[in-house]
Structures are given as C-alpha cells and as structure tokens.
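Commentary on secondary and tertiary structure
Letter by letter, the chains look like this.
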Amino acid sequence: MKLATLKDGSRDGRLVVVSRDLTQMTDASFLAPSLQRALDDWARVAPHLQALADSLERDSVPVERFHEHDAMSPLPRAFQFATGSAYDSHIEVIRKVGGAEIPESVRSDPPIQQGGSDAFLGPRDPILLPDESFGLDIGGGIAVILGDVPMGASVDEARAAIRLVMLVNDVSLRDLIPAELAEGFGVFQSKPPSAFSPVAVTPDGLGAAWDGGKLHLPLNVDLNGKPFGRANAGIDVSFDLPTLIAHAARTRPLSAGAIIGSGTVSNRRDGGPGKSIADGGVGYACVAESRAVETIAGGAPKTPFLRFGDAVRIEMLDDKHRSIFGAIEQTVARYEPG
C-alpha cells in the first residue's frame, strides 16, 4: 500500500492512497483526514486503507491523476525525527579526515541525533539557504514512520512498529556543525528542514527488497542532472532500522508518527572508503563523504557543497526500473526573509 499527503492549504494536507505505479490516487480523507490521524488509529484504519488500495488497483473507486509535485512530505510535520547512523563507512571516512577514529562504543551503541520535525519540506519544495557559506549538504537515506513504541522495546518489538517506509533527504549545514559541536551541546542550527519522498509505502508493499530491517536496492542520487550516488541501501549496514529504533526507545517511548532515519547510505569499496562513480565506484549519498574521500586521496576536497541553483534528485527503483516512492527533486534557492 502506498500513501501520500496532498497540498490542500492546511498544515497537515489531505491523505490519499496512491496506485502501485504512482499514476493514480483516490481520496482517503473520509477514513482519516491526515496521515497522522491514521497512524493514531492504525489498527482500525489500516485495513480500510488497504481495502481502498485494492479497489484502486481494480479501478473500482473514483480516481484522480497523481502528480508528485502536488505532494507534501507524507508527514508534513511529526512529533519526532531522529537519525541514526546505519553505515559505519560513512562515519569512518568523515572522521578520518579530521584525524579521529570511531570510538569502540559506536560499534555496539549506534549514534543518533535529533532532527527538526516541526516543518518538513515537500519533496519538490526548494531548499531555502540564507548563505552559501553555511555548507549546504544533502543526505540520502531510508526512513521509517512508526506506530507507538514502548520505552525499552526489543528489536522485534521495534520491527513490528514500522508502519511505513520512505526516502529522506536529510539536509545539513556542514560548515555550521563544528562550532555547534565545540559548544558541547549538540547540533541545532546546522539541521534545517529535511524532505521525504512523495509516497510512503507499507513494508509488505516492498516485496523481497525489504527484509524487515533493510531495503536491498540502490539509492539513486543525482546532482545537477548527473549521477552522484548509486549505493545499495542494503549493503554495509552496521545497524538495521529496528536496531536503531530500539536504541532510540531505550530511555523513552516513541509516539505513533515518530520518524527514524538510517543516516546517509554508504558503501565501501575493496574494504576501504567508497569511490565516485567516475572512478568505478557507486558514488555517495552526501557531498561530505565525497569531499572526505577526495581529501584522503589528494589532500584537498574538490566537490563543493551545494550553491544557489544546484539541483538534487533522490529516487529508488525496483527490479523492473519503476520508481517505488517517487522522487525527491529539489533546487537550492536563496532565502529571503519576510
């Protein structure tokens, strides 16, 4: 089952069910006016949404054309958005440039950071940037929307709480991070609004590519119309999503509608850092990793962070080359106050 939220002038949008091929949709707001409301009453509402999805595939309900540019992020705002780090290779190469090793605790205790969740960008909304010197970076990854997760949940309980899967562009302002970390109080200004794919998919709608905790397909990341990353989201995973969820719930419950992200998808190459597509690798899902590899190899980064007018596209295709979640497609624009 595929769900989306359409722009309708309200904060939370209008819930629709989308066809498997992403071409058509049918209204679902009579079952739940928003996705959050559906998640709050999932046990009752989900079977009706599934029946509606089945009817949509049989052309037995009223349909409208689905246009991805009309979609908000599936949850336009959420009670919680936290990002773990499922891929050690990403952390290792970033830390290596700074001369730091990964603490041994990270091998068994995955790091996790809070993201802003009160105002997500739509998948076709521009990324508004006040100043190019902030070091705007993308972060292609997988994210899951949860049902209620009790404090101290097991990994199996966490897995059972996954309601929907989607893609994320986890935006960062890299050049603001060092100063924030130096204050010893975590990051805040360096984590502006992120965006999610036009469509969120129930785990059973992902077929064999979903193993309950990982999505075994390449994540396609393009910058300015050129391939930048094709890393497989199911490879080189140190912590799967249920493990990240259970870690997040260790000392607090997570409410229905909470979002947990995988962190930047990253693949190794011959036991070491990944390589760019031009060098025969699968590339990267964020610019910082590309810059780190360039620095290790040549002493200095070559790839700039994103500037005004730059465009990113993040998408995942199934084994028949069909888009699963639709595309996150964003352009960097100057933020003008007022």
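Residues numbered from 1 in each chain as written. Predicted model: local features only at pLDDT ≥ 70, side-chain atom pairs only at ≥ 80, totals over all residues. Heavy atoms only, no water.

Moving on to the pairing of strand β2 (residues 14–18). Two faces make up the sheet, and in a regular strand the side chains alternate between them. Counting buried positions over the five residues of β2 gives four, a clear majority of the element. Pairing geometry for strand β1 (residues 2–6) and β2, over five bridges, is antiparallel. Paired with Thr5 across the two strands is Leu15, which belongs to β2. Bridging between β2 and strand β3 (residues 24–27) involves three bridges; their strand directions are antiparallel. Across the sheet, residue Val17 finds its bridge partner in β3, namely Thr26. (Buried < 20%, exposed > 50% of the residue type's maximum accessible area, 1.4 Å probe, protein only. Helix = DSSP H or I, 4+ residues; strand = E, 2+ residues; numbered from the N terminus. Pairing = 2+ DSSP bridges.)

A word on the packing of aromatic side chains. One pass over the structure, following the stated rule, counts four aromatic pairs. Taken together, a centroid distance of 5.7 Å and an interplanar angle of 80 degrees make the contact between Phe81 and Phe120 edge-to-face. In this pair, Phe81 sits in strand β6 (residues 81–84) while Phe120 sits in the loop between β7 (112–114) and β8 (127–129), placing the two residues 39 residues apart along the sequence. Each member of the pair, Phe81 as well as Phe120, carries the same accessibility label: buried. (Phe/Tyr/Trp six-rings, centres within 6.5 Å; stacked < 30°, edge-to-face > 60°.)

Within the secondary structure, Gly207 is located in the loop between β14 (200–201) and β15 (220–223). Classification of Gly207 as partly exposed rests on a relative accessible area of 46%. Spatially, the C-alpha atom of Gly207 lies 24 Å from that of Ala285, the residues being 78 residues apart in sequence.

Any functional reading would require information beyond the geometric quantities listed.
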